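# Understanding the architecture of this molecule
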Amino acid sequence: MKSQTKSIGILTAGGDCPGLNAAIRGVAKAAMHYGIQVHGILDGFRGLVENRSIPLDSRSVSGLLTAGGTLLGTSRDKPHKMRMGSEVMDMTEVAVANMKRMNIDCLVCLGGNGTQKNALRLREATDIGIITLPKTIDNDVACTDVSFGFDSAMRVATEAVDRLHTTATSHHRIIVCEIMGHDAGWLALGAGIAGGADVILIPEIPYDLEIVARHLNNRRKSGKRFSIIAVAEGVRSRDQLALEEADPERKKKKKKSEPEEVFDALTNEGVHLVQESVASRIARRIQTMTGVEARVTALGHVQRGGQPTPYDRLLATRLGTKAGKLLAEGVYDVMVALQGGDTVPVPLKEVACKKKLVPADHPWIESARLVETCFGDEV
Ligand code: F6P
């Protein structure tokens, strides 16, 4: 087949995850197969604005399949609102000029929800095509059954819950495990079910700690002297939700608020206190409410590091090579999604600005309730 595309740029944006390198390799190898030239743009949209790129050839993408992180580097910068020195500026025109300078026909962006939005915005300012791939450990990109990175993160989080189980059992403790996910609870839900957490709290189901405490007390009465609580970092209690509904500005203000500043006698400087994690706040209250010793483990970026699982390597390779095929056919302005086992192009406009949250009637939730998992909403 004669390729409709001659040259592309590829970048990774947003938080990294396992599978990015496998996807870069998939796109680049398939593109090269069709005779397409590939430029690797460094550090996401910032590298595009700063005109930093490297040529990718079959040698530079070899050995990438199993490697964690991203060979290209990433950043959370967006072209239309980028910090340049002390100012935040709209750098869209510069990004477009650099794409023209590289003489690319299409920009391939590997990213999560923010990247889908930023890519579409950039597309609206240029005649150069865009193709995106869905990556995120949060699994909240719309229109795809799953994003790469999710399975690898779920393996790490599940192993953590397994390990917490043995030590919680020995010490007869409650352990609260904080799992990533600000708006979507897929990771806490999946790892919580797979690891057999007794309580799973996710942002989509506002919780009541009285209900959680009652569930834990009932477990204890039935002879189970330990409990594991899997908490997504973005959970909200019913009380918080009621306050936010009464004052919609409250949520925004809270997100923007700076941590409290205190005086550090050691350095003679004002320092910002790190805000107490949600898991720690929950553990503190649960300990008081149940009288059982509680501990906290926040998994943090461990969930985003390391090698991709076989599932993610396969998914990233399938999505990447499909992108290569679409490039050869001249199909642009789509995200390559996994739908019902097939890799399919979905118009970028349909994906951007949407988030795939856990529906209340999702089969995972039904299964979890049937194995007596408490979500903090009913006993
Ligand atoms: O990529 C999404 C995510 O993993 C969220 O779940 C998490 O809150 C966030 O990234 C943290 O990323 P960083 O610390 O790199 O900004």
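Since the model is a prediction, treat every value here as computed from it, not as a measurement.

## Some words on the side chain of Thr 12
Assignment of secondary structure puts Thr 12 in strand β1 (residues 7-12). Within polar-contact distance, the side chain of Thr 12 engages the backbone oxygen of Gly 73 at 2.8 Å.

## Examining the packing of helix α5 (residues 150-171) against helix α6 (residues 186-194)
Between α5 and α6, the least distance of the axes is 8 Å, while the angle of their chain directions is 50 degrees. Our classification of the angle between α5 and α6 gives oblique. Crossing handedness for the pair α5 and α6: right-handed. Facing α5, whose interface residues are Phe 150, Ala 153, Met 154, Ala 157, Thr 158 and Val 161, α6 presents Trp 186, Leu 187, Gly 190, Ala 191 and Ala 194. Residue classes in the contact of α5 with α6 are distributed as nine nonpolar, two polar and no charged.

## A short note on the site of the ligand
If you check the shell around the ligand, you find Arg 76, Ile 137, Asp 138, Met 180, Gly 181, His 182, Glu 233, His 301 and Arg 304 and nothing else. In the environment of the ligand, an oxygen atom lies 2.8 Å from a nitrogen or oxygen atom belonging to the side chain of Asp 138. Gly 181 places a main-chain nitrogen or oxygen 3.3 Å from an oxygen atom of the ligand. Its free accessible area being 400 Å², the ligand has 73% of it covered by the protein chains. A molecule is said to occupy a pocket when more than half its atoms come within 2 Å of that pocket's grid points, and by this definition the ligand occupies the second largest pocket. Class assignment of the residues belonging to the shell around the ligand gives a composition of two nonpolar, three polar and four charged. When residues of the shell around the ligand are assigned to domains, at least three map to each of domain 1 (7-148 + 308-339) and domain 2 (153-304 + 360-370).

## Comments concerning the sheet that holds strand β10 (residues 227-232)
Read from one edge to the other, the open sheet built from four strands follows the order β9-β10-β8-β13, with strand pairing classed as parallel. The open sheet has two edge strands with one neighbour each: β9 (199-201) and β13 (294-298). Neighbour-to-neighbour, the strand axes of the sheet open up by a mean angle of 15 degrees, direction not taken into account. Sheet topology note: the strand β8 (residues 174-179)/β10 ladder contains six bridges and is parallel. Across the sheet, Ile 174 pairs through a bridge with Ser 227, a residue of β10.

## Notes on the domain arrangement of the protein
How big an interface is tends to be stated in terms of the accessible area lost upon association of its parts. Here the protein is described as being made up of domain 1 (7-148 + 308-339) and domain 2 (153-304 + 360-370). Between the C-alpha centres of domain 1 and domain 2 there is a distance of 33 Å. At the interface, 11 residues of domain 1 touch nine residues of domain 2. Here domain 1 packs against domain 2, burying approximately 830 Å² in sum over the two surfaces, 56% of which is carbon and sulfur. Along the contact surface separating domain 1 from domain 2 lie one salt bridge. A salt bridge links Asp 16 to Arg 304; the shortest N-O distance between them is 3.0 Å. Applying the counting rule to domain 1 against domain 2 returns one residue pair in polar contact (both at pLDDT 80 or more). When its residues are assigned to classes, the side of domain 1 that touches domain 2 shows four nonpolar, three polar and four charged.

## Digging into a positive patch on the surface
A surface patch of positive charge is lined by Lys 78, Lys 81, Lys 117 and Arg 121. Within the fold, Arg 121 resides in helix α4 (residues 113-123). Accessibility expressed as a relative area gives 48% for Arg 121, which makes it partly exposed.

## Examining the packing of aromatic side chains
Centre distance and the angle of the planes are the two values used to describe a pair of aromatic rings. Taken as a whole and judged by the stated rule, the model has one aromatic pair. When the ring of Trp 186 is compared with that of Trp 364, the centres are 5.7 Å apart and the planes differ by 90 degrees; the resulting orientation is edge-to-face. Taken together, the residues Trp 186 in helix α6 and Trp 364 in helix α13 (residues 363-370) connect sequence positions 178 residues apart. Here Lys 356 stacks its cationic end above the ring of Trp 186, 5.5 Å away from the centre of that ring.

## Details of unusual backbone geometry
We note that Asn 139 has phi near 60 degrees; this positive angle belongs to a residue other than glycine. Summarising the element assignment, Asn 139 is placed in the loop between β7 (129-134) and α5. Positive phi is not limited to glycine here, since Cys 353 has a value of about 70 degrees. As for its position among the elements, Cys 353 is in the loop between α12 (348-351) and α13.

## A look at empty space enclosed by the protein
As enumerated under the stated definition, the model contains one cavity of 30 Å³ or more in all. If you add up the space inside the largest cavity, you get close to 50 Å³. Around the largest cavity, the lining residues are Arg 173, Ile 174, Leu 216, Arg 220, Lys 224, Arg 225, Phe 226, Ser 227, Thr 290 and Val 292. Its residues assigned to classes, the lining of the largest cavity comprises four nonpolar, two polar and four charged.

## Concerning the packing of α6 against α13
Their axes nearest at 11 Å, the elements α6 and α13 cross at an angle of 40 degrees. The angle between α6 and α13 places the two elements in the oblique class. Every pair of crossing elements has a handedness; the one defined by α6 and α13 is left-handed. Of α13, the residues touching α6 (which contributes Trp 186, Leu 189, Gly 190 and Ile 193) are Trp 364, Ile 365 and Ala 368. Grouping the constituent residues of the contact of α6 with α13 by class yields six nonpolar, one polar and no charged.

Cut-off values and rules
Residues numbered from 1 in each chain as written. Predicted model: local features only at pLDDT ≥ 70, side-chain atom pairs only at ≥ 80, totals over all residues. Heavy atoms only, no water. Helix = DSSP H or I, 4+ residues; strand = E, 2+ residues; numbered from the N terminus. Polar contact = N/O pair within 3.5 Å; in protein donor to acceptor, adjacent residues only side chain to side chain. Axes fitted to C-alpha atoms, helices over the stretch in contact; angles between N-to-C directions. Parallel < 35°, antiparallel > 145°, perpendicular 65-115°, else oblique. Left-handed = near helix turned anticlockwise from the far one by under 90°. Contact = heavy atoms within 4.5 Å. Nonpolar A, V, L, I, M, F, W, Y, C, P; charged D, E, K, R; others polar. Near = heavy atom within 4 Å. Areas by Shrake-Rupley, 256 points an atom, 1.4 Å probe, with all protein chains shown as cover. 1 Å grid on protein atoms, 1.4 Å probe; cavity = no way out; pocket = protein on both sides within 12 Å on 5 of 7 lines; lining within 4 Å. Sits in = over half its atoms within 2 Å of the grid points. Domains from an automatic or database assignment. Pairing = 2+ DSSP bridges. Buried area = accessible area lost by both parts, 1.4 Å probe. Salt bridge = Lys/Arg side-chain N within 4 Å of Asp/Glu carboxyl O. Patch = residues over 30% accessible without salt bridge, like charges linked within 9 Å, V, L, I, M, F, W, Y side chains within 5 Å. Lys, Arg positive; Asp, Glu negative; His and termini not counted. Charge placed at Lys NZ, Arg CZ, Asp CG, Glu CD. Buried < 20%, exposed > 50% of the residue type's maximum accessible area, 1.4 Å probe, protein only. Phe/Tyr/Trp six-rings, centres within 6.5 Å; stacked < 30°, edge-to-face > 60°. Lys NZ or Arg CZ within 6 Å of the ring centre and 35° of its normal. Points joined across faces, edges and corners; volume = space filled by probe spheres on them.

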